[in-house]
Amino acid sequence: MSTTDQSQKSLHNDLANLSLKDSNRPNGSNNTQDGAAAPKARPKGKYIPPYLRGKPTFASQTSDDSLVDDPAESPNFPPRAANYSQTRDKSFPASRPDNLDPNYRGAGPRDNFPQSRFNSQNDNPAFNRNTTWSGRNDTRFNRPQRNNFLGMWAKGKHFPGQRNPKYEFTLFGPPDGVEHTGINFDKYDDIPVEASGPNVPPPITNFEDASLNSLLAENISLSGFLTPTPVQKWSIPICSAQRDLMACAQTGSGKTGGFLFPILNFAFDIGPPDDRENENVPGISLRQKIAMPIALILSPTRELATQIYDEARKYCYRSWVRPCVVYGGADINQQIIGAKRGCDLLVATPGRLVDMIQRGVISLKYIQFLVLDEADRMLDMGFEPQIRRIVEQEDMPGVHLRQTLMFSATFPKNIQILARDFLKEYVFLSVGRVGSTSENITQKIEYVEEEDKFSALIDILNSQPDQGLTLIFVETKKMADILHSHLISQSFQCCSIHGGRTQSEREYALESFKNGRAPVMVATAVAARGLDIPNVTHVINFDLPSDIDDYVHRIGRTGRAGNVGIATSFFNRGNRNIVRGLVGILKDANQEIPSWLNIVLRESYDFGYSKTAPRGRGRGGYGGGSSRDYRENTKGAKFNHRSKSTANVRSGADQYGNRGSNPGANSSYGYGGAPPMYGPDSGSSWF
Ligand SMILES: Nc1ncnc2c1ncn2[C@@H]1O[C@H](COP(=O)(O)OP(=O)(O)OP(=O)(O)O)[C@@H](O)[C@H]1O
């Protein structure tokens, strides 16, 4: 440091001490009688926090220790009020101490700090409403709050928060570390898309076409997304036209953004409903507050809810919209406090949401958007009663007063029929070979008898390359525990996740898997849907599911967003009920079908297997069931618009336009291939 810098710094320090000086010191002097600099004694009656002692005031701080990344961007902080107690509202609780301590976190209204309180300081509402508690800069202490990135809506306008590099790093990771490789955006025109329903709005071709709110566009760009995925190209204009939507698109194709982008675009532009602000009257305590979200996203699993919430936090960055998540298994009191502090976009699992509604913590009366992610799962036998209760028996606006969006990779016909109750004049969108799988996933089917499964699995794990994560699916919790112990005993770094574990165990396992500490994870169906874990290169169906749609979702944990992956499934006579569905999926995705599987298929017709659709979903065979708008086959159904984005509907291109980009397809992976290692020779009778 140069002498000039040093002397400047010491001058700043002196100035800082001057600015913090108090009137108790005689003549306001900072010098002792002999003229030496005053010792750094704390001025009587005023608390100076340790980090401010001997430091310049905020106005002269450099960007190093400021939370504002670009001082030019930061507003001129209003001068500190000469006497705070004169400016504050007399109705402020008497219990609040007058000598305000910056560390004070005592009782008193926080979230609803009335605008009028600071009107004498600055007319800019950015400094007036929620000045202290919602994240704007704390004018009382001349320092920025840690959460100064929070935006606000006031006087009919959106006031985005400030950029905060540290928080940006937490949310988005390093600027160049975003992983979106493998997506071939040039071949979008080849993607088969069908949109049916009355007056379907045309798709956009890029984010600019969508006239997105500038803050949202900025957040999307910070996420590393330059072009919308096909489902986003369609869902954004459909939702912006305030239409209900049932969207069916392949796993890993960006459906989360498909609903978050249009909802947030609307919210950023329009703001919260006017009358909502009058509900939690200023001055009421946090305990009395009720969370009143404008958007509700329901998810079947806790982990998926958390993931959607994490995505929402990225796109809500610097905006007035406070995302919030509630799910079972976690401390409900923490979630209640979180919801009351701010909840504009709520992500929830149904059970916990019902609980919170019953406790009077959450009201759904201002819901403008209802999203059912993994909608076919949400509406099947397990969740339907809870969904009906939330949507039909609480205070949520009716179907004509809200917009309802449903997303999944699979939509069986009977679920589509059930979904009618929640939708109005909806658009059915199917993007890519929906209900099917991406060609980016190499699917291998191995014949393995039950008793051979352990050794087959060990062989596979030993023969595969070290890079990447391996996800192994089993059918039961007990099997997950057994397999987990077995793999640990074989010295594999392994974790497991299933519904019998506590939430913290589940979260710990998922975290260990994601960060590679345990690159092998054994899971039940709890991890089958929606989870977006980068670098899952291999999915192994140790046990095949009894529902072919579950197969689609499970193997969709790899080969996401245009990346490639491998899915290996152990098949034996216990799985003959899904053979038709399985062969259909393999054919659709141009995968190799072992000759023994074709024999099993033929025999299944002869012996009448596969005639019963799994779990009564009405899928019956494969090849036209779950991805089509069931209304098209309904007598008398009339649509004004039906559109295909390409003339070549069966183009062989995948969701991202990659044509034949699957390097492993039709080739042996080194641990199996036809004829099967652990089963009958190809060509032999299966029984
Ligand atoms: N426009 C985009 N450009 C590049 N990558 C994107 C884009 N939109 C989403 N992604 C990435 O694609 C991946 C998959 O997205 P997402 O989890 O939303 O898929 P999904 O269709 O919901 O999958 P699933 O059916 O398994 O639930 C994520 O890692 C996401 O960050």
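How each quantity is defined
Residues numbered from 1 in each chain as written. Predicted model: local features only at pLDDT ≥ 70, side-chain atom pairs only at ≥ 80, totals over all residues. Heavy atoms only, no water. UniProt positions renumbered as here; feature names shortened; annotations may be inferred. Helix = DSSP H or I, 4+ residues; strand = E, 2+ residues; numbered from the N terminus. Buried < 20%, exposed > 50% of the residue type's maximum accessible area, 1.4 Å probe, protein only. Contact = heavy atoms within 4.5 Å. Areas by Shrake-Rupley, 256 points an atom, 1.4 Å probe, with all protein chains shown as cover. Near = heavy atom within 4 Å. Polar contact = N/O pair within 3.5 Å; in protein donor to acceptor, adjacent residues only side chain to side chain. Domains from an automatic or database assignment. Salt bridge = Lys/Arg side-chain N within 4 Å of Asp/Glu carboxyl O. Pairing = 2+ DSSP bridges. Right-handed = clockwise from strand over helix to strand, strands pointing away. Axes fitted to C-alpha atoms, helices over the stretch in contact; angles between N-to-C directions. Arc of directions from axis to C-beta. Core = buried A, V, L, I, M, F, W, Y, C linked by side-chain atoms within 4.5 Å. Phe/Tyr/Trp six-rings, centres within 6.5 Å; stacked < 30°, edge-to-face > 60°.

Going by what an unreviewed UniProt entry lists, the chain is known as ATP-dependent RNA helicase DED1 and is assigned to Smittium megazygosporum. Under the heading Function (unreviewed entry), UniProt records this for the chain: "ATP-binding RNA helicase involved in translation initiation. Remodels RNA in response to ADP and ATP concentrations by facilitating disruption, but also formation of RNA duplexes."

Enquirer: Please give an account of the overall build of the chain that cites residues and values.
Expert: Scanning the chain from N- to C-terminus turns up 19 helices and 17 strands. Sorting the 687 residues of the chain into buried and exposed places 54% on the buried side. At a minimum sequence separation of 6, the contacts of the chain that also span at least 24 residues come to 77%. If you sum the accessible surface of the chain, you get close to 29700 Å²; carbon and sulfur atoms cover 49% of it.

Enquirer: Explain the site of the ligand to me, and be specific about the residues and the numbers.
Expert: Inspection of the region around the ligand gives 20 residues, with G252, K255, T256, D532 and R560 positioned closest. At a separation of 2.8 Å, an oxygen atom of the ligand approaches a polar backbone atom of G252. Taken domain by domain, the makeup of the shell around the ligand includes at least three residues from each of domain 2 (190-268) and domain 4 (439-611).

Enquirer: I'd like to hear about the pattern of salt bridges, residue by residue, with values.
Expert: Counting across every chain of the model gives 21 salt bridges. Across the pair E218 and R318 runs a salt bridge whose closest N-O atoms are separated by 2.9 Å. Pair noted here: E218 is in helix 5 (residues 214-222) and R318 is in the loop between helix 8 (302-316) and strand 6 (323-326), with a separation of 100 residues, a long-range link. Looking at E218, the relative accessible area reads 32%, which means it is partly exposed. Across the pair D380 and R377 runs a salt bridge whose closest N-O atoms are separated by 2.8 Å. Judged by relative accessible area, D380 falls into the buried class, the value being 7%. Through salt bridges with shared partners, a single network forms among E384, R388, E392 and D421.

Enquirer: Any chance you could break down the side chain of R506 for me, citing the residues and the numbers?
Expert: Structurally, the position occupied by R506 is in helix 16 (residues 503-514). Its relative accessible area of 4% is what places R506 among the buried residues. R506 has contacts with R302, E303, I497, H498, G499, R501 and V526, leaving out every residue within four places of it along the chain.

Enquirer: Tell me about the pairing of strand 14 (residues 520-523), and name the residues and values.
Expert: Alternating residues of strand 14 divide into V520 and V522 and M521 and A523, and every residue in both groups is buried. The pairing of strand 13 (residues 494-497) with strand 14 spans four bridges and is parallel. By the bridge assignment for strand 14, I497 is matched with A523. Remark: the strand 13/helix 16/strand 14 crossover connection has right-handed handedness.

Enquirer: Would you mind going over the UniProt feature "short sequence motif: Q motif" (unreviewed entry) in the chain in detail, with residue names and values included?
Expert: The positions that UniProt labels "short sequence motif: Q motif" (unreviewed entry) are, in the present scheme, residues 205-233. Secondary structure across residues 205-233 comprises 45% helix and 0% strand; the distance between its end C-alpha atoms is 6 Å.

Enquirer: Go over the UniProt feature "domain: Helicase C-terminal" (unreviewed entry) in the chain, please, and point to the residues and values.
Expert: The sites that carry the UniProt feature "domain: Helicase C-terminal" (unreviewed entry) are, in the present numbering, residues 440-601. Across residues 440-601, the secondary structure splits into 38% helix and 20% strand, with the terminal C-alpha atoms separated by 25 Å.

Enquirer: Can you explain the pairing of strand 7 (residues 345-348)? Please cite residues and give values.
Expert: Both faces of strand 7 are covered, namely the face carrying L345 and V347 and the face carrying L346 and A348. Pairing geometry for strand 6 and strand 7, over four bridges, is parallel. Residue pairing across strands places V326 opposite A348, the latter belonging to strand 7.

Enquirer: Can you tell me about the sheet that holds strand 16 (residues 565-571), naming the residues and giving the values?
Expert: Strand-to-strand pairing in sheets goes through backbone hydrogen bonds, with the strands running parallel or antiparallel. Strand order in the open sheet made by the six strands is 11-16-15-12-14-13, with parallel pairing throughout. Lying at the two open borders of the sheet, with one neighbouring strand each, are strand 11 (441-447) and strand 13. Across this sheet, the average inter-strand angle for adjacent strands is 20°, counted without regard to direction. The sheet strands contacting helix 16 are strand 12 (469-473), strand 13, strand 14 and strand 15 (536-541), and the helix crosses strand 13 at an angle near 140°. Contacts from helix 18 (residues 579-588) reach strand 11 and strand 16 within the one sheet, and its direction differs from that of strand 11 by about 145°.

Enquirer: Any details on unusual backbone geometry? Residues and values, ideally.
Expert: In this structure, Q242 takes a positive phi of about 60° despite not being glycine. Relative to the assigned elements, Q242 resides in the loop between helix 6 (230-240) and strand 4 (245-249).

Enquirer: Summarise helix 5; cite the residues concerned and give the values.
Expert: Along helix 5, the residues classified as buried are L215, L216, N219 and I220. What you see down the axis of helix 5 is that its buried residues fit within an arc of 140°, all on one side. The secondary structure elements touched by the buried residues of helix 5 are strand 2 (157-159), helix 4 (165-172), helix 7 (255-270) and helix 8. Phi turns positive, to about 90°, at G224, one or two residues after helix 5.

Enquirer: Can you tell me about the nonpolar core, naming the residues and giving the values?
Expert: Formed by 50 residues in total, the largest nonpolar core has its most connected members in L245, L345 and L429. Viewed by domain, this core spans two of them, domain 2 (190-268) and domain 3 (286-410), each represented by three or more residues. If we ignore the near neighbours within four places in the chain, the residues touching L345 are L260, I263, L264, A295, I297, A312, V321, R322, P323 and C324. Of all hydrophobic cores here, the second largest spans 40 residues; its members include V361, F383, I387 and A419.

Enquirer: Could you give an account of the packing of aromatic side chains, with specific residues and numbers?
Expert: Any two aromatic rings considered together are summarised by their centre-to-centre distance and by the angle between their planes. The tally for this structure, following the rule as stated, stands at 14 aromatic pairs. With centroids separated by 6.3 Å and ring planes inclined at 65°, the aromatic side chains of W153 and W320 adopt a geometry described as edge-to-face. Taken together, the residues span a long stretch of sequence, with W153 in strand 1 (residues 152-154) and W320 in the loop between helix 8 and strand 6 at a distance of 167 residues. A relative accessible area of 5% places W320 in the buried class. Ring centres of F411 and F428 lie 6.5 Å apart, and the angle between their planes is 65°; on these two criteria the pair is classed as edge-to-face. A residue pair is termed long-range when its members are at least 10 positions apart, and F411 in the loop between strand 9 (403-408) and helix 13 (413-419) and F428 in strand 10 (residues 427-431) qualify at 17 residues. Here the aromatic cluster, defined as three or more aromatic residues joined through ring pairs, consists of F149, Y167, F172 and Y317.

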